[in-house]
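So the chains spell out like this:
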Amino acid sequence: MLRVPRYWREIPYRYRLIGSKCKNCSKIYFPPKQRCRVCGSTELEPVNLPRRGRVITYTVIRSPPSGYEKYAPYIVGIIELEGGVRILSQIVDCDPTEITIGMEVEAAFRRVIEQGEAGVIEYGYKFRPIIKP
Ligand SMILES: [Zn+2]
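Cut-offs used in this document
- Residues numbered from 1 in each chain as written.
- Predicted model: local features only at pLDDT ≥ 70, side-chain atom pairs only at ≥ 80, totals over all residues.
- Heavy atoms only, no water.
- Helix = DSSP H or I, 4+ residues; strand = E, 2+ residues; numbered from the N terminus.
- Buried < 20%, exposed > 50% of the residue type's maximum accessible area, 1.4 Å probe, protein only.
- Contact = heavy atoms within 4.5 Å.
- Pairing = 2+ DSSP bridges.
- Donors = N, O, S within 2.8 Å, 3.2 Å for Na, K, Ca; no water.
- Tetrahedral: all angles 85-135°; square planar, octahedral: opposite > 155°, others 65-115°.
- Salt bridge = Lys/Arg side-chain N within 4 Å of Asp/Glu carboxyl O.

Q: Summarise the side chain of Ser 89; cite the residues concerned and give the values.
A: Looking at where Ser 89 falls in the secondary structure, it is placed in strand S6 (residues 86-91). What makes Ser 89 buried here is its relative accessible area of 0%. What Ser 89 contacts, discounting residues up to four positions off in sequence, is Ile 75, Val 76, Gly 77, Ile 79, Tyr 125, Lys 126 and Phe 127.

Q: Describe the pairing of S6, and please don't skip the residues or the numbers.
A: Along a regular strand, successive side chains alternate from one face of the sheet to the other. Here strand S5 (residues 74-81) pairs with S6 via six bridges, running antiparallel. Looking at the pairing, Ile 78 lines up with Leu 88 of S6.

Q: How would you explain the sheet that holds strand S2 (residues 28-29) if you had to name every residue and give the values?
A: Taken in spatial order, the three strands line up as S2-S1-S3 in an open sheet, and their pairing is antiparallel. Two strands close off the open sheet at either side, each with one partner strand: S2 and strand S3 (44-48). Direction of pairing for strand S1 (residues 18-22) relative to S3: antiparallel, over a ladder of five bridges. Residue Gly 19 lies in a different strand from S3, and its bridge partner there is Val 47.

Q: Please give an account of the pairing of strand S4 (residues 52-61) that cites residues and values.
A: In this structure, S4 lies alongside strand S7 (residues 104-109), joined through three bridges in antiparallel fashion. The residue bridging Arg 52 from the neighbouring strand is Glu 106, located in S7. Summarising the sheet, S4 and S5 pair through eight bridges and their orientation is antiparallel. Along S5, the bridge assignment pairs Gly 53 with Leu 81.

Q: Now, about the environment of Val 105: what can you tell me, with residues and values included?
A: Along the chain, the position of Val 105 falls in strand S7. C-alpha separation for the pair Val 105 and Glu 80, spaced 25 residues apart in sequence, amounts to 9.5 Å. Residue contacts for Val 105: discarding those within four places in its chain leaves Arg 51, Arg 52, Gly 53, Arg 54, Val 55, Ile 79, Phe 127, Arg 128, Pro 129 and Ile 130.

Q: Talk me through the coordination of the zinc ion; I want residue IDs and the actual numbers.
A: Bound to the zinc ion on the protein side are Cys 22 (SG), Cys 25 (SG), Cys 36 (SG) and Cys 39 (SG), at distances that span 2.3 to 2.4 Å. If you look at the zinc ion, its four donor atoms make angles of 102 to 120° with each other, and the shape they trace is tetrahedral. Between consecutive donor residues of the zinc ion, the sequence gaps follow C-x2-C-x10-C-x2-C. On the accessibility criterion, Cys 25 (32% relative accessible area) is partly exposed.

Q: Which residues make up the pattern of salt bridges, and what are the values?
A: Tallied over the entire structure, the rule returns three salt bridges. Where Glu 104 meets Arg 54, a salt bridge forms, and the shortest distance between an N and an O atom there is 4.0 Å. Taken as a pair, Glu 104 in strand S7 and Arg 54 in strand S4 lie far apart in primary sequence, 50 residues in all. For Arg 54, a relative accessible area of 45% gives the class partly exposed. The partner of Arg 86 in a salt bridge is Glu 80, with the nearest N and O atoms 2.9 Å apart. Owing to a relative accessible area of 47%, Arg 86 belongs among the partly exposed residues under this scheme.

What follows is the structure in structure tokens.
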């Protein structure tokens, strides 16, 4: 089997929103899973996820974990993508006083700050408000 360095294997996951879809029951997971939690199938295939969604809930982090102080305050929220898949993500380009439940957002790919115990700044994506003309 071809061995590919971890960095290169992860590139598609860093620059596209890719989940996994169960071939048996069609349940979609993000981040991708190897095994379906609904039906137990291990037949899952990669699926591109929509890049737009809405803010379901959010929290403004004012007292972040050690190491993240300089980024505070920042917003972390749950985004429901078109189609219903939910993603935990940082929300950027948005003032903490202006974010609202139901706000339309889109995926933006940014430099990953750091992976840490907060577990929220991963995969290179963040979400930002969709600016309407
Ligand atoms: Zn399934």
